[in-house]
Amino acid sequence: MTELQEVQITEEKPLLRAPGAPDPGKDAELIAAKLLQEQGQKHTVETPYGVVTITIHGTPKPKRPAILTYHDVGQNHLSCFDTLFHFEDMQEIIKNFVVIHVDAPGMEEGAPAFPLGYQYPSLDQLADMIPCILQYVNFTSIIGIGVGAGAYILARYSLSHADTVEGLVLVNIDPNAKGWMDWAAHKLTGLTSSNSEMILQHLFSQEELSKNTELVQQQRHVLSHATNLPNIQLYWSSYNSRRDLSLERGGDITFKCPVMLVVGDQAPHEDAVVECNSKLDPTQTSFLKMADSGGQPQLTQPGKLTEAFKYFVQGMGYMASSCMTRLSRSRTASLSSAASGDGNRSRSRTLSQSSEAGAPQPPAPTMEVSC
């Protein structure tokens with residue numbers, strides 16, 4: 001009779017993982033998302049107001065909007081959003097959406113200066129370029145993320161194309177046109193400061209400027225060595241010539257989608273964002289004031305902004321099964337206690353607690369959040 005031999009079998013793919021062990025499948029997905037983020041495809045799109053450059057990351061997902069970003073004056077999509085979109089926890093979001101970064105005309109990397117006398121588009125015209133972009137990429141809806149001038153552009157677009165915008169994240173938005181006092185102050189400042197210095201005052205808080213932080217130094221270096229500085233000045237001029245959005249709570253001119261307003265504590269646009277919040281539907285709006293973030297919270301506090309954005313997207317019915325990171329777990333209790341202990345503050349749309357993925361849910365009111 002044949003002697004039985006002991007055979008050891010090693011399970012190549014264990015069905016059960018030890019507690020705390022990494023999930024190879026999820027790690028692979030995050031690595032793939034990171035590769036897609038790094039391997040952006042650049043395209044130029046013809047519009048009635050000139051050519052605009054876009055950079056696309058990711059693969060289209062069925063029945064999902066694209067995330068479309070728009071940067072501020074003195075920046076391009078890399079300097080404005082690279083830190084945020086390369087943040088580790090952001091990879092979990094990126095793998096679920098296509099990301100379209102828009103560079104305002106003449107702001108892309110290596111852009112040559114426009115010829116003397118070039119008529120730069122107004123912010124309204126820059127907003128009117130977005131339908132051409134969506135047609136080019138064959139998307140019907142977006143979640144917009146804009147900073148400063150880019151926030152205004154996306155807001156203007158949303159007011160005229162509400163059916164194509166599922167959500168807005170507006171950082172440092174100033175919805176108001178410059179009044180006579182603002183115009184006079186701007187002119188007086190221009191007598192003693194260069195355009196580059198005024199742009200720095202637009203981007204950063206007084207504390208950051210006085211401390212000459214690393215970000216301020218980097219931005220000052222970029223502006224002083226920019227070959228496309230005339231283009232930046234044209235974008236700056238268009239921003240300062242913007243029209244009033246004329247937002248009105250309960251009126252005809254308002255956003256039809258969930259909105260998350262973001263501003264840093266003591267940021268140069270803090271008052272403008274607070275005023276914008278007062279003009280919006282509190283059941284559709286979340287207001288995030290971020291401490292210790294200066295004028296560029298997407299650069300100084302990418303972790304907090306990523307977590308808030310994840311909740312925002314979940315509240316729209318996407319990524320409902322997304323597991324919470326350590327930041328979200330640590331903040332859950334503090335957010336809950338802040339909401340219960342501050343009942344007189346204005347209500348806003350929830351940043352989380354959605355059920356079925358892919359099916360937008362009715363907004364649930366929650367509180368303003370400072371973090």
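Going by the structure above, here's the rest.
Counting restarts for each chain: residues are numbered from 1 in the order of the written sequence. Owing to the predicted nature of the model, reporting of local features is limited to residues with pLDDT of at least 70; listing and counting of side-chain atom pairs is limited to 80 or more, with chain, interface and lining totals taken over all residues. As a rule here, side-chain values cover all heavy atoms of the structure and leave hydrogens and water aside.

**Side note on unusual backbone geometry**
Rule in force here: Each helix is a run of H or I in the DSSP string that is no shorter than four residues. Each strand is a run of E no shorter than two, and both are numbered from the N terminus.
One non-glycine residue with positive phi stands out, namely asparagine 138, at about 65 degrees. Along the polypeptide, asparagine 138 turns up in the loop between helix H5 (130-137) and strand S5 (142-147).

**Focus on helix H2 (residues 77-85)**
An α-helix turns once every 3.6 residues. As a result, residues three or four positions apart point the same way. Definition in use: Classification of residues uses two cut-offs on accessible area relative to the type maximum, computed with a 1.4 Å probe and protein chains only: under 20% is buried, over 50% is exposed, and between them is partly exposed. The arc refers to the directions leading from the helix axis to the C-beta atoms.
Of all the residues in H2, the buried ones are His77, Cys80, Phe81, Leu84 and Phe85. Buried residues in H2, looked at end-on, bunch into an arc of 95 degrees, giving them a common side.

**Describing the packing of H5 against helix H6 (residues 149-160)**
Going by this rule: Angular values range over 0 to 180 degrees, each being the angle between N-to-C directions of two axes fitted as lines to C-alpha atoms, with helices fitted over their stretch in contact. An angle counts as roughly parallel when it lies under 35 degrees, as roughly antiparallel when it exceeds 145, as roughly perpendicular when it falls between 65 and 115, and as oblique in every other case. We call two residues in contact whenever any of their non-hydrogen atoms come within 4.5 Å of each other. Three categories are distinguished: nonpolar for Ala, Val, Leu, Ile, Met, Phe, Trp, Tyr, Cys and Pro, charged for Asp, Glu, Lys and Arg, and polar for the others, with Gly belonging to the last.
At a minimum axis separation of 11 Å, H5 and H6 run at an interaxial angle of 80 degrees. By the angle class used here, H5 and H6 are roughly perpendicular. Of H6, the residues touching H5 (which contributes Ile130, Pro131 and Leu134) are Ile153, Leu154 and Tyr157. Taken together, the residues that form the contact of H5 with H6 break down as six nonpolar, no polar and no charged.

**Observations regarding the side chain of glutamate 108**
Our working rule: Positive charge is attributed to Lys and Arg, negative charge to Asp and Glu, and no charge count is given to His or to the chain ends. The rule for a salt bridge is simple: a side-chain nitrogen of Lys or Arg has to be within 4 Å of a carboxyl oxygen of Asp or Glu. Residues adjacent in sequence count toward polar contacts only when both atoms are side-chain atoms; beyond that, a polar contact is any pair of N or O atoms within 3.5 Å, and within protein one must be able to donate a hydrogen and the other to accept it.
Mapped onto the fold, glutamate 108 is located in the loop between strand S4 (99-103) and helix H4 (123-128). There is no salt bridge for the buried glutamate 108, and the closest opposite charge comes from lysine 42, which lies 7.6 Å off by N-O distance. Among the polar contacts listed, one links the side chain of glutamate 108 to the backbone nitrogen of glycine 106, at a separation of 3.3 Å. Apart from residues no more than four positions distant in its own chain, glutamate 108 is found in contact with Thr53 and Asp103.

**Here's the deal with the pattern of salt bridges**
Enumeration according to the criterion identifies eight salt bridges in this entry. In this structure, aspartate 174 engages arginine 242 in a salt bridge whose closest nitrogen and oxygen atoms are separated by 3.0 Å. Here aspartate 174 is found in the loop between strand S6 (165-171) and helix H7 (180-192), whereas its partner arginine 242 is found in the loop between helix H11 (229-240) and strand S7 (259-264), with 68 residues between them in sequence. Judged by its relative accessible area of 15%, aspartate 174 falls in the buried class. In this structure, glutamate 207 engages lysine 211 in a salt bridge whose closest nitrogen and oxygen atoms are separated by 3.0 Å. Separated by four residues within a single helix, glutamate 207 and lysine 211 lie in helix H9 (residues 206-211), roughly one turn from each other.

**Some details on the packing of aromatic side chains**
Convention followed: Any pair of Phe, Tyr and Trp rings, taking the six-membered ring for Trp, is counted once the centres come within 6.5 Å. Such a pair is stacked with planes under 30 degrees apart, edge-to-face with planes over 60 apart, and tilted for the rest.
What the rule picks out here adds up to seven aromatic pairs. Measuring from centroid to centroid gives 4.0 Å for phenylalanine 114 and tyrosine 118, while their planes differ by 10 degrees, and the two rings are stacked. The partly exposed category is assigned to phenylalanine 114, whose relative accessible area is 23%. One aromatic cluster is present, built from ring pairs that chain together Phe114, Tyr118, Tyr120 and Tyr235.

**Thoughts on the side chain of asparagine 96**
Counting through the fold element by element, asparagine 96 comes out in the loop between helix H3 (91-94) and S4. A polar side-chain atom of asparagine 96 sits 3.4 Å from a polar atom in the side chain of arginine 64. Side-chain polar atoms of asparagine 96 contact the backbone oxygen of glutamate 92, separated by 2.6 Å. Ignoring anything within four residues of it in the chain, the contact list for asparagine 96 reads Lys61, Arg64 and Met319.

**What to know about the nonpolar core**
Convention followed: By nonpolar core is meant a set of buried Ala, Val, Leu, Ile, Met, Phe, Trp, Tyr and Cys residues that side-chain atoms within 4.5 Å join together.
Ranked by internal contacts, the top residues of the largest apolar core, which has 61 residues, are Leu68, Ile100, Leu170, Ile173, Tyr235 and Leu261. Per-element accounting of this core gives the leading share, seven residues, to H6. The residues contacting leucine 261, other than those within four sequence positions of it, are Leu170, Ile173, Val273, Cys276, Asn277, Leu280, Thr285, Ser286, Phe287 and Leu288. Leu84, Phe97, Ile143 and Met260 belong to the second-largest nonpolar core, a separate cluster that totals 27 residues.

**Looking at the environment of serine 286**
Along the chain, the position of serine 286 falls in strand S8 (residues 285-290). Spatially, the C-alpha atom of serine 286 lies 9.8 Å from that of alanine 308, the residues being 22 residues apart in sequence.

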